[in-house]
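Close look at the chain arrangement
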Amino acid sequence: MAVESRNSSAVNGVDIYHLPEGCIANVLSLTCPRDASRLSLVASIFRSAAESDAVWDRFLPPDYRDIVSRCSDGPDSIVFDSKKELYLYLCDHPFLIEGGTKSFSLEKRSGKKCYMLAAKSLAIVWADTPMYWRWISLPESRFSEVAELLDVCWFDIAGKINTSMLSPGTKYAAYFVFTTKFRTYGFDHQSAEGAVGISGHERKSHTVFLDPEAARRHMYEIVPRRLGLLNQMANILRREVNPPSENDAQALYPHQRSDGWIEVELGEFFVQRGQEVELEMSLTEIKEGNWKSGLAVEGIEIRPKEG
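Computed from a predicted model, the values in this text were never measured in an experiment. (Residues numbered from 1 in each chain as written. Predicted model: local features only at pLDDT ≥ 70, side-chain atom pairs only at ≥ 80, totals over all residues. Heavy atoms only, no water.)

**What to know about the pattern of salt bridges**
- This structure, assessed with the given rule, holds 22 salt bridges.
- Measuring nitrogen to oxygen at the nearest pair gives 3.0 Å for the salt bridge that ties Asp57 to Lys83. One end of the pair, Asp57, is in helix α5 (residues 53–59); the other, Lys83, is in helix α7 (residues 83–92), and 26 residues separate them in sequence.
- Residue Asp57 is classed as partly exposed on the basis of its relative accessible area of 30%.
- Here Lys83 falls in the buried class, since its relative accessible area comes to 19%.
- Of the charged contacts, one joins Glu98 and Lys102 as a salt bridge, the two residues approaching to 2.8 Å between their closest N and O atoms.
- Classification of Lys102 as buried rests on a relative accessible area of 13%.
- In this structure, a network of salt bridges that share partners links the residues Arg257, Asp259, Glu263, Glu301 and Arg303. (Salt bridge = Lys/Arg side-chain N within 4 Å of Asp/Glu carboxyl O. Helix = DSSP H or I, 4+ residues; strand = E, 2+ residues; numbered from the N terminus. Buried < 20%, exposed > 50% of the residue type's maximum accessible area, 1.4 Å probe, protein only.)

Structure (C-alpha cells):
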C-alpha cells in the first residue's frame, strides 16, 4: 500500500516526495492555512515544509507588520519565534489598536482580517447623557469600557470602517456584540433595524431582535402568559394593521458567543479588490417610542462570512 501511495504521487513522471522542501513549501503557500495543516499530516516532508516561515508569511496579511506596530501594548508584546506561531496567536488573541478603540485578529480558517469597533468608537445617540447611558468596565470585555443602556426611547447606534482595512475579495458581515445581564426591558416585544452599506448610499435594512427570548417567541409565535387580555388583543390588532413584512420573514436573531457575549448580525457586504469606501453599520429602534434599558454594548465586529 505504501508503494502504491508513493507511485500515485508521481505527476508527469516526477515523484513529489523527491521535490526540494522549498518547492513544496512554495506550493503549500498557494493553498490556505487549513489545507496546509491537513497536508502536513500526509508525510514528514509536507510537515516540515508546512512549518516554514515562507508558508505562513504568505498566510499573514501583507500589512500585518504595520498593524502589529499599532498594538496598544506596543509591538514588542507580539514577538514569536516562527510565523506560524504568530499567525495562530493573531487568530486566538485579538489585540487592541488605535488607542484601544478597535481590536484586530485573523480568522483562523482563511487568515482574513477581523476587526471589532469598541463602543467608545461608535456613534451612540445620547451616549454623553448620564441619565440615558453610562460607561462601565466589565472584566469579560476586551475593551476598557462598555456602554450600558440605562433608559432611552431613541435607540440609535452606528459605526464606520474603511474597506481598505479589510481583506479584498471577501464577503464580510457586521455583528452587534452585547450582553443582557442587567435588568432588560423594551426589547421583548419590539424588534430593531440593522443595516450595512456604503456611507451616503441607501442601505438594505433587516429586522433584528436583541432579546433572545423575544426572538424565540417571534420564531414560534408564542404569546407570554404574563400579558393581560387587553395587551394580547392589542398585539393581535397590531399584527392585523401591520402585517409581517419581507424584513420580518428574514429577521436576524441573537446567538451566544464562545466568549460569553451575545451577537446578532446586522448585514453583510462584499469587499471588492481595490475598493476604498467607507462602510457604515447601524442598529436603530426609533419608530415605536417605547423606553428601553438593560443592554451592555461591547461593540460591532466585522469578520468574514462563509457562503
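Resuming the write-up.
**Some words on the pairing of strand β4 (residues 102–106)**
- Summarising burial for β4: five of the five residues are buried, a large majority.
- Note: strand β3 (residues 95–97) against β4, three bridges, orientation antiparallel. In the sheet register, Phe95 faces β4, and the bridge partner there is Phe104.
- Following β3, the chain reverses through four residues before pairing antiparallel with β4; Glu98 in that reversal takes a positive phi of roughly 50 degrees.
- Of the pairings in the sheet, the one linking β4 to strand β5 (residues 113–118) comprises five bridges and is antiparallel in character. Considered in β5, the bridge of Phe104 is made with Tyr115.
- The antiparallel pairing of β4 with β5 creates a hairpin that spans six residues between the two strands, and Gly111 there sits at a positive phi of about 80 degrees. (Pairing = 2+ DSSP bridges.)

**Looking at the environment of Lys287**
- When you line up the elements, Lys287 lands in the loop between β15 (278–285) and β16 (296–304).
- Residue Lys287 is classed as exposed on the basis of its relative accessible area, which comes to 68%.
- For the pair formed by Lys287 and Gln190, sequence separation is 97 residues and the distance between their alpha carbons is 9.9 Å.

**A short note on the nonpolar core**
- Among the nonpolar cores identified, the biggest contains 56 residues, and Phe95, Trp133, Phe155, Ile161, Phe176, Leu210 and Met281 are the most heavily contacted of them.
- By residue number, the principal contributor to this core is strand β14 (residues 262–271), which donates five residues.
- Looking at which domains feed residues into this core, each of domain 1 (16–97) and domain 2 (99–226 + 248–304) gives three or more.
- Setting aside residues no more than four positions away along its own chain, Ile161 makes contact with Tyr115, Leu117, Leu166, Val277, Glu278, Leu279, Met281 and Ile302. (Core = buried A, V, L, I, M, F, W, Y, C linked by side-chain atoms within 4.5 Å. Domains from an automatic or database assignment. Contact = heavy atoms within 4.5 Å.)

**Side note on the sheet that holds strand β12 (residues 205–208)**
- The five strands are arranged β6-β9-β15-β11-β12 in an open sheet whose pairing can be described as antiparallel. The strands lining the two open edges of the sheet, one partner per strand, are β6 (123–124) and β12.
- Alignment of strand β11 (residues 192–198) against β12, held across four bridges, turns out to be antiparallel. Among the inter-strand pairings, Ala195 is bridged to a residue of β12, identified as Ser205.

**Examining the pairing of strand β9 (residues 155–162)**
- Pairing geometry for β6 and β9, over two bridges, is antiparallel. In the strand pairing of β9, Ile124 is matched with Ile157.
- Summarising the sheet, β9 and β15 pair through eight bridges and their orientation is antiparallel. Paired with Ala158 across the bridge in β15 is Ser282.

**So, the packing of aromatic side chains**
- Enumeration over the complete set of coordinates arrives at 10 aromatic pairs.
- Aromatic pair Trp56 and Phe59: ring centres 5.1 Å apart, planes at 85 degrees, arrangement edge-to-face. Remark: Phe59 and Trp56 occur in helix α5; sequence separation between them is three residues, near one turn of the helix.
- Residue classification places Phe59 among the buried positions, given a relative accessible area of 7%.
- Among the aromatic residues, those joined into a ring-pair cluster are Trp56, Phe59 and Tyr87.
- When the ring centre of Trp135 is taken as reference, the NZ or CZ atom of Lys120 above it lies at 4.2 Å. (Phe/Tyr/Trp six-rings, centres within 6.5 Å; stacked < 30°, edge-to-face > 60°. Lys NZ or Arg CZ within 6 Å of the ring centre and 35° of its normal.)

**Comments concerning the environment of Leu150**
- Its location among the elements puts Leu150 in the loop between β8 (146–149) and β9.
- Each C-alpha atom of the pair Leu150 and Leu295 lies 8.0 Å from the other, and the pair is 145 residues apart in sequence.
- Setting aside its immediate chain neighbours within four residues, Leu150 contacts Pro130, Met131, Tyr132, Trp133, Arg134, Tyr185, Lys292 and Ser293.

Spatial relationships are all this shows, so hold off on functional conclusions.
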